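# Secondary and tertiary structure notes
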Amino acid sequence: MPPTIVGREGPLAGRKFPISDASITFGRRDDNNVVIASGRASRFHAEVVREADGYVLYDRGSQNGTLVNGSRVASHILQPGDLITIGNETFCFEASNDMETIMDALLIKSFIKSAVNVEPESVLHVTISGGGPVGLSLALLLEHFMGPRVAITLYDGRWIQEGSRIIWKNQAQGNVRRQQVVTIQSRQYLNLPEDVQERLFRPESYSEMWPSGPDSIRGYGPRNIRIAYIEDTLLEIANEKSDRIRLVPARFDPAEQRETLVKNHVLAICEGGRSRTRDYFTDKFGNADKSIYSLDGQHIQDVVLGLQVKSDLSDPMTVLLTVAQNRFLLNALRGEGFLNMRLTDAEAQEVIGIDPVRHVFEECIASRPCLMGRTDHGEFHCSTHGTLFLPALIKSSALWKRVMEGLVLFGVSEENLSAITAFRLDMVQRPRFTAQLYSATATTPGTYGFLLGDAANAIHFWPGRGLNSGLASAISLARSLNRNWRGKAFRDADFLRHEAAMSMLQYRHKSRAWKAMVTTDEHGVTRAIKDIIVQGIKEGDEGSDRDADINTLMEQLRQIRSRLSRRIPGMPDEKTLDDHLRKLKSETLRTLLTSGAWDTLIVGGEEVDIDIFDQQDSPAAPVSKTPPVTASVEELPEHTKLIWRGSSNPISPG
């Protein structure tokens, strides 16, 4: 008789679950072999796996833990009679006499190991370079999954020590905090540890501005949240786990840290798009390819002006106006956020600061990028470099006039423009995301490196798209390390699933971002959208038909509104929209029209589901001879209807 898990106490008392060579899983999700309804059980709580040492029980990062004979365990070689407690269920591991003989042999083997002082299971040592949301999430996921089996050291030069805690530097200390609002999709945030979700999504910290779409799962929609709040909350939680997460307030230097690094098993590089650590290991990860994101041999770049604003428009109005054109994008939390303005090449040349003392021009806002806050005199001042935003000083400049038009479009009064920044966007194709940095020796374990977040996939400016990709990469790597760590040196084969997930993320997110940077004209010629905007500005200056442009824009808005109205209540009526458009200048109207509405077939569609890489292998199910049942959309479950409808409708930018 095969070994069996038998329910002893709780709703499943008396139920038997035979264990074969395939693993057996426990948790709240209905795709587990043993479904536990208790709220104290996690979605994927624990698993029993057949290994060389016998049947091993693993806690899969559950919130409330897995007990064996009353003691919490991360992993445990099961022996006949062991009592397993998960939530309000208690099970017994039962085995035949043959199995008991095997277990007796394993006990002898274990005794021999201890007699020669061989450690039963070593700790996984992980270094993380970059303590932004991706690096912090990876650290918290690993601690959650692996508990005492992992030791993490996390570096970031934007931190300082304050007493016993690590905190973010402030602006006076040289760290300009990011106040942008990002959109996190439920496919990502539902895979974070439950305690992290609870701390992040307090009622006052987020809003739900965008409709549900293909990245919305289990009936949960995308959530808007300020990135500085994410960073503060994750760092606060990491401070509370100092027994397994060591926070180092310093920039990671791979050359200086080499002696320490070669003794670690993992280096996760989460430093962002300009990662020095990634560049240090270029010979391991390979050179990035720019050609795939080029036109006529020229690498396409977008420069975006970020305007920190407070809008008086409702969220439904904001979403509608954003989706209807490709010049401006407002992402906000209760009206406050950043209005992103895509610039032409000529406009990008105007994004400079001037030092009022030395009377010299500086490119700090364009090259750092710096945040220029509004002074009491109405100027925009960089506290780091002492510069002023030049276009705002020259009220007649073309760029500043167009900035003011963007404010009108999104219902922002000039006094509610509080700061300005800029950032440059371009993309490259990366050949790999996983590499062995140092080979194993007699005294070192062999160090594997991983590119995560923007260090792996720096992408387009839709707020949150980069963060969602980064969180997905952190979740994938944490699961891969937890699944494959057995106290032995890693192999390339251990990371096949993770590398596949990263390649899928690169393909999906960068292909979509590229289609948001270029468009195809009526002759089938691919052109950069920023160049189409130049055409719109020129046509507006030459005197386009204002009423015709308003009518065309109104028709676009009607079509988008009809698609979104079922998912976003409170859409504006015809008169409100028409009155609003008539506040805009002819040049602006023409520019918005030529920039084009969002391509919803590109924005929507299937998303990368990293959960598929963690589904358990099982024998093929018998093929049913019964024809599949068909159903209308209205007969589907509500969460399925959301995904179905979202596949061709505009979704959130994140």
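Nothing here was measured: the structure is a model prediction, and the numbers come from that model.

A few words on the overall build of the protein chain. Each helix and strand in the protein chain was counted, giving 22 helices and 35 strands. Burial statistics for the protein chain: of 654 residues in total, 55% are counted as buried. Summarising the internal contacts of the protein chain: among those between residues at least 6 apart in sequence, 71% fall at separations of at least 24. Summed over its atoms, the accessible surface of the protein chain is roughly 29000 Å², and 50% of this surface lies on carbon and sulfur atoms.

Topologically, Asp-315 is positioned in helix α9 (residues 315-323). According to the relative accessible area criterion, Asp-315 is partly exposed, its value standing at 23%. Once the C-alpha coordinates of Asp-315 and Arg-334 are considered, the two residues, 19 residues apart in sequence, prove to be 7.7 Å apart.

For the rest of this paragraph, the subject is the confidence of the model for the protein chain. With 88% of its residues at a pLDDT of at least 70, the protein chain reaches an overall mean of 86. Note on residues 97-120: pLDDT is under 50 here. Beyond four places in sequence and across chains, it has 16 contacts. Ignoring residues within four places in sequence, the model shows residues 616-649, a span with pLDDT below 50, making 37 contacts including any to other chains.

Before going further, it helps to spend a moment on the packing of helix α15 (residues 465-484) against helix α16 (residues 496-515). It is at 9 Å that the axes of α15 and α16 come closest, and there the two elements cross at 170°. Looking at the two axes, α15 sits roughly antiparallel to α16. Counting all contacts with α15, which are made through Arg-465, Ser-469, Ala-472, Ser-473, Ser-476, Leu-477, Ser-480 and Arg-483, the residues of α16 involved are Arg-497, His-498, Ala-501, Met-502, Leu-505, His-509 and Arg-512. Residues of the contact of α15 with α16, tallied by class, amount to 5 nonpolar, 6 polar and 4 charged.

As a further point, take the pattern of salt bridges. Per the counting criterion, the structure on display carries 43 salt bridges. Between Glu-194 and Arg-43 there is a salt bridge; the shortest N-O distance is 3.9 Å. Note that Glu-194 is positioned in helix α4 (residues 194-200) and Arg-43 in the loop between β4 (34-35) and β5 (46-51), a separation of 151 residues in sequence. Of the two residues, Glu-194 and Arg-43, neither departs from the other in class, the shared state being buried. Because the salt bridges share partners, they merge into one network encompassing Arg-187, Asp-215, Arg-465, Arg-508, Arg-512, Glu-607 and Asp-609.

Right, let's talk about helix α17 (residues 529-542) for a bit. In this model α17 runs 20 Å from its N-terminal to its C-terminal C-alpha over 14 residues, within 8% of the 20 Å that 1.5 Å per residue would give. Inspection of α17 places Ile-529, Lys-530, Ile-532, Ile-533, Gly-536, Ile-537 and Gly-540 among the buried residues, and these make up the whole buried set. Projected onto a plane normal to the axis of α17, the buried residues spread over an arc of 150° and lie on a single side. Summarising the geometry of α17, the exposed residues directed more than 90 degrees from the buried face are Lys-538, Asp-541 and Glu-542. Where α17 terminates, the next one or two residues include Gly-543, which has phi positive at roughly 100°.

Side-chain direction in a regular strand flips from residue to residue, so the side chains alternate between the two faces of the sheet. Of all 6 residues making up strand β13 (residues 150-155), 5 are buried, and the element is well covered by its neighbours. Viewed along the sheet, the connection from strand β12 (residues 124-129) through helix α2 (residues 133-146) into β13 turns out right-handed.

Between α17 and helix α20 (residues 586-595), whose axes approach to 8 Å, the crossing angle comes to 145°. When you trace α17 past α20, the crossing you get is right-handed. Between α17, through Ile-529, Ile-532, Ile-533, Gly-536, Ile-537, Glu-539, Gly-540 and Asp-541, and α20, the contact on the second element is made entirely by Glu-587, Arg-590, Thr-591, Thr-594 and Ser-595. Residues belonging to the contact of α17 with α20 are distributed by class as follows: 4 nonpolar, 5 polar and 4 charged.

Rules behind the numbers
- All chains use their own residue numbering, which begins from 1 and follows the written sequence.
- Local features are withheld for residues below a pLDDT of 70 in this predicted model, meaning they are given only at 70 or higher, and side-chain atom pairs are given and counted only at 80 or more; totals for whole chains, interfaces and linings count all residues.
- Calculated side-chain values reflect all of the structure's heavy atoms, with hydrogen atoms and water omitted.
- Secondary structure elements follow DSSP: runs of H or I no shorter than four residues count as helices, runs of E no shorter than two count as strands, and numbering proceeds from the N terminus.
- Burial here depends on accessible area, computed with a 1.4 Å probe over protein chains only, as a share of the maximum for the residue type. Under 20% is buried, over 50% is exposed, and the range in between is partly exposed.
- We call two residues in contact whenever any of their non-hydrogen atoms come within 4.5 Å of each other.
- Using the Shrake-Rupley algorithm and a 1.4 Å probe, accessible areas are obtained, with residue cover drawn only from the displayed protein chains.
- Confidence scores here are pLDDT values: one per residue, from the predictor, ranging 0 to 100.
- Orientation is described by lines fitted to C-alpha atoms, with helices fitted over the stretch in contact, and by angles between N-to-C directions that extend from 0 to 180 degrees.
- For classification purposes, angles smaller than 35 degrees are called roughly parallel, those larger than 145 roughly antiparallel, those between 65 and 115 roughly perpendicular, and all remaining angles oblique.
- Residue classes follow a fixed rule: Ala, Val, Leu, Ile, Met, Phe, Trp, Tyr, Cys and Pro count as nonpolar, while Asp, Glu, Lys and Arg count as charged, and any other residue, Gly among them, counts as polar.
- Salt bridge, as used here, is a side-chain nitrogen of Lys or Arg placed within 4 Å of a carboxyl oxygen of Asp or Glu.
- Take the number of residues in a helix, subtract one, and multiply by 1.5 Å to get its expected span.
- Think of the arc as the fan of directions from the helix axis to the C-beta atoms.
- Throughout, right-handed denotes a crossover for which the path from the first strand over the helix to the second runs clockwise when the strands point away from the viewer.
- Note on convention: near helix rotated counterclockwise from far helix by under a right angle means a left-handed crossing. Clockwise means right-handed.

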